[in-house]
2 protein chains.
Amino acid sequence: MAQTMVREVRKEQSEDSVITLKDIARISGYSIKTVSRAIHDHPDINEQTKKQVMEIVERYSYSPNWAARSLRNQKTHTIGYVVPNITNGFFGEIGMIIDSYFRRLNYSTLICFTSHSLDNELDSLRSLMEKNVEGIIVAPVGSFEQWTDKLPKLRETPLAIIDNRFNDTSLDYILHDNEHGADLLVDHLVGHGHSRIACVTGPVQESSGFERLLGYKHGLARHGISVDESIVRTVEWEDINGGYSATLELMESHNKPSAVFYANSQLLLGGYKAFHALSMRIPQDVAVVSFDQPLVIDALTPRPTALEKVEKEIADTTARILHHKITGNAAKAPQEIRIKSTLAIGESCDCKI
Amino acid sequence: MAQTMVREVRKEQSEDSVITLKDIARISGYSIKTVSRAIHDHPDINEQTKKQVMEIVERYSYSPNWAARSLRNQKTHTIGYVVPNITNGFFGEIGMIIDSYFRRLNYSTLICFTSHSLDNELDSLRSLMEKNVEGIIVAPVGSFEQWTDKLPKLRETPLAIIDNRFNDTSLDYILHDNEHGADLLVDHLVGHGHSRIACVTGPVQESSGFERLLGYKHGLARHGISVDESIVRTVEWEDINGGYSATLELMESHNKPSAVFYANSQLLLGGYKAFHALSMRIPQDVAVVSFDQPLVIDALTPRPTALEKVEKEIADTTARILHHKITGNAAKAPQEIRIKSTLAIGESCDCKI
DNA sequence: CTGAAAGCGCTAACAT
DNA sequence: ATGTTAGCGCTTTCAG
């Protein structure tokens, strides 16, 4: 007891300056290394000593300097997450799940926004590389060659690609099963007797847009319905007004469709707006399906039929794969994982539920 | 020319290991400090030398080790952003704007989520403190005392509080002018001849919920309308279904309101759903206003009358204030800034536009 | 079980 | 104009 007190020799706390390991050592009277051992639960330390040290650590609410630790260990315990934006529900939710996954492992997530611009994407990747992040998750705008051209070090960084793939099979992709999903939805519409089904999708240069269109076409083909390109529209993703105008156009044609397949929720919302403007009722006058669910699905009337959310599964899978790559437990071969979804029946197709 | 070549003495690149300043020095034949000077555009360096060095820097795409630099400079060039979530349009947008503001200054933003839990908030703040962030922006769940109780160092960290204030005048707040905004909206409804106006707001323990309710009451009072507590509801923010149920309840009463003031966009969306379920038409059967605009406002029919978006102004102001605090150019006294908005007339109140 | 000392990569004071 | 060196805070051999 007296022993404990005796050891506290020097001044208690210099100023408002940050407490370092050295300070704790000075105050406790032990060496720097003993303190370090106490903090890291090293076996080679007397229980008594540890208790004394930890008490002081607590009292001064010491926490190790992260930069010093990173420098020393050559580990930043940080990953990057690079996406077009986060106000979009999809990337926002996935980001939050990935962050919480890695937070449990004591990793931090640096979130970067590209606004769909390749320059921003390159800047983000560069800044992440400079910070020596241990891995990066990207929903890509550019291509892998464009990246490594400017940032060769990226080749040696654990990477996981989501949302869109590119023509490089050396990478790990975690994606929607776009074709399967689109097929399910078209199938559903055909099941309701529709044969003239329009499609509003995103840019076909992106795999997600291309594959959803492909799924739509295959879905029709399986039922012997020929594709009419005049009722297929591609507009920007995340553009409610694109979906709106496309829908108005589609409905103006003399041989107008009886149903519309929207390849994402933004486009669907534009569709809802358009049908309202046209005084067309869903599902009585037109049937509607959406590839994914808008965040505000609970507020929509009628509730749209869409694929079940897969954000959780995509995020968890992506986090797990990236974590394995970081710790070196990765599968030998790069993987392309396709997350299948299921139909979530709503009221937009006149289903009796 | 020959001169240039001569100086490249040693092996080009050891392995795939990271290039350091020392490597560049070795390769270029100059000292470590000369290289550093070249990189930092220091005046004390020969233009020729600089050019040579920079060429090698480019070639090996060297970038400085961030941890080492932070350790040395005692500056992390990082700020924290702590909010309930980012799928919510409000915090997501503000986060993106703040990030881009600080990115321009070569700062990074660490985004943390609290999910409205005090424990998560404390964890987030702790992890940011451990990383020695230079400043933190928080949309708070807990109170300043609860924070500093566990994290005394927080008292010395530049802080900016958004969205909700607490009873501590020593801090900088950047907030909606909630009372003013609510007042404007109620005014608008009264102007349309409504006198029985319901209110659906968020938790009154939070200043935002409390103040919007206050603005509503003052608005009514100014017109000599007495407040009927039976048509005031408080539910959780971000709860479409709360807004939905509250609206259903309100409309069931025998003396039902002719208009509803929704204190945020989530609640409004619940209202839209409820009115649809009740087959009530907006604005013919009921008039509706919302404090803020939902992200999907373009998809809503009728377009709701709501306050103009102020995310940009809040975000810019917050970023500027925090930046000043970090660099020591802060105003002497803590500030409480109130951002006023204006009415954005929609179609939900039967305005002739 | 404990301590001394080197070094991670970078910067800045202090030479030269 | 250029080079030498100490040290930021931490971890980790290697001695005791």
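Bear in mind that the values here come from a model prediction, so they are computed numbers and not experimental data.

Draft legend 1. Examining the overall build of chain A more closely. Tallying secondary structure elements over chain A gives 13 helices and 12 strands in all. Relative to a compact globule of 353 residues, whose C-alpha radius of gyration would be 20 Å, chain A shows 27 Å and is clearly more extended. C-alpha extents for chain A along the principal axes are approximately 95 × 45 × 35 Å. Of the contacts made within chain A by residues no fewer than 6 positions apart, 69% connect residues no fewer than 24 positions apart. Accessible surface computed for chain A: about 15900 Å², of which carbon and sulfur atoms make up 48%.

Draft legend 2. Inspection of the sheet that holds strand 7 (residues 232–234) of chain A at higher detail. Residue and element names in this part refer to chain A. Here six strands make up an open sheet; going across it, the order is 7-6-8-9-10-12 and the pairing mixed. What marks the edges here is a single partner per strand, and that holds for strand 7 and strand 12 (343–344). Direction of pairing for strand 6 (residues 197–201) relative to strand 7: parallel, over a ladder of three bridges. Counterpart to T201 in the pairing with strand 7 is T234.

Draft legend 3. The side chain of H323 of chain B, seen in detail. Residue and element names in this part refer to chain B. Among the secondary structure elements, H323 is positioned in helix 13 (residues 311–327). Taking the relative accessible area as the measure of exposure, H323 reaches 17% and is therefore buried. In this structure H323 touches Y101, F102 and L105, once residues within four positions along its chain are discounted.

Draft legend 4. Examining the protein's contact with DNA strand D more closely. In the neighbourhood of DNA strand D, 25 residues make up the surrounding shell, with L21, K33, Y62 and R72 of chain A together with T34 of chain B lying closest. Near the protein, meaning within 4 Å, the atoms of DNA strand D are sugar or phosphate in a fraction of 59%, with bases accounting for the rest. Here H40 of chain A contributes a side-chain N or O atom positioned 2.9 Å from a phosphate oxygen of DNA strand D. Residue A68 of chain A places a main-chain N or O atom 3.4 Å away from a base nitrogen belonging to DNA strand D. Secondary-structure elements contributing two or more residues to the surface near DNA strand D are helix 3 (32–39) and helix 5 (66–73) of chain A together with helix 3 (32–39) and helix 5 (66–73) of chain B. Tallied by class, the residues present in the surface near DNA strand D amount to eight nonpolar, 10 polar and seven charged.

Draft legend 5. Region of interest: helix 13 (residues 311–327) of chain A. Residue and element names in this part refer to chain A. With 17 residues, helix 13 extends 24 Å from end C-alpha to end C-alpha; this agrees with the ideal 24 Å at 1.5 Å per step. Listed in full, the buried residues belonging to helix 13 are E311, I314, A315, T317, T318, A319, I321, L322, H323 and I326. Buried residues belonging to helix 13 abut strand 1 (78–83), helix 6 (89–104), strand 3 (135–138), strand 4 (159–162), strand 5 (173–176) and strand 11 (336–339). Just downstream of helix 13 lies G328, where phi reads positive at about 85 degrees.

Draft legend 6. Fine view of the protein's contact with DNA strand C. The immediate surroundings of DNA strand C are formed by 23 residues, with T34 and R72 of chain A together with L21, Y62 and R72 of chain B found nearest. For DNA strand C, the fraction of atoms within 4 Å of the protein that belong to sugar or phosphate moieties is 59%. With respect to DNA strand C, the backbone of L21 of chain B contributes an N or O atom lying 2.5 Å from a phosphate oxygen. Here a phosphate oxygen of DNA strand C sits 2.5 Å away from a polar atom, N or O, in the side chain of Y62 of chain B. If you list the elements that add at least two residues to the surface near DNA strand C, you get helix 3 and helix 5 of chain A together with helix 3 and helix 5 of chain B. Its residues assigned to classes, the surface near DNA strand C shows six nonpolar, 10 polar and seven charged.

Draft legend 7. Here's a closer look at the confidence of the model for chain A. On average, residues of chain A score 90 in pLDDT, and 94% of them reach the 70 mark or higher. Confidence over residues 1–16 of chain A falls short of pLDDT 50; this stretch has 20 contacts with residues more than four positions distant or in other chains.

Draft legend 8. Focus on the relation of the copies chain B and chain A. Mapping chain B onto chain A is achieved by rotating through 180 degrees and translating by 0.0 Å along the same axis, at an RMSD of 0.1 Å. As the rotation angle and translation indicate, the two copies are arranged about a two-fold axis. In terms of C-alpha distance to the rotation axis, chain B has A67 of chain B as its closest residue, with the C-alpha 2.4 Å off the axis. With an isologous cut-off of 70% or more, the 100% of interface residues of chain B that recur at the interface of chain A puts this contact in the isologous class.

Draft legend 9. View of the pairing of strand 6 (residues 197–201) of chain B. Residue and element names in this part refer to chain B. The buried count for strand 6 comes to five of five residues, which makes it a mostly enclosed element. Burial along strand 6 is two-sided: I197, C199 and T201 and A198 and V200, pointing in opposite directions, are all buried. Where strand 6 meets strand 8 (residues 259–262), four bridges bridge the pair, whose relative direction is parallel. Residue pairing across strands places C199 opposite F261, the latter belonging to strand 8. With helix 10 (residues 207–222) bridging strand 6 and its parallel neighbour strand 7 (residues 232–234), the resulting β-α-β unit is right-handed.

Parameters and conventions
- Residues numbered from 1 in each chain as written.
- Chains lettered and ligands numbered in written order.
- Predicted model: local features only at pLDDT ≥ 70, side-chain atom pairs only at ≥ 80, totals over all residues.
- Heavy atoms only, no water.
- Helix = DSSP H or I, 4+ residues; strand = E, 2+ residues; numbered from the N terminus.
- Rg over C-alpha atoms; globule rule 2.2 N^0.38 Å.
- Contact = heavy atoms within 4.5 Å.
- Areas by Shrake-Rupley, 256 points an atom, 1.4 Å probe, with all protein chains shown as cover.
- Pairing = 2+ DSSP bridges.
- Buried < 20%, exposed > 50% of the residue type's maximum accessible area, 1.4 Å probe, protein only.
- Near = heavy atom within 4 Å.
- Polar contact = N/O pair within 3.5 Å; in protein donor to acceptor, adjacent residues only side chain to side chain.
- Nonpolar A, V, L, I, M, F, W, Y, C, P; charged D, E, K, R; others polar.
- Expected span 1.5 Å × (residues − 1).
- pLDDT = per-residue confidence, 0-100.
- Least-squares fit on C-alpha atoms with pLDDT ≥ 70 in both.
- Right-handed = clockwise from strand over helix to strand, strands pointing away.

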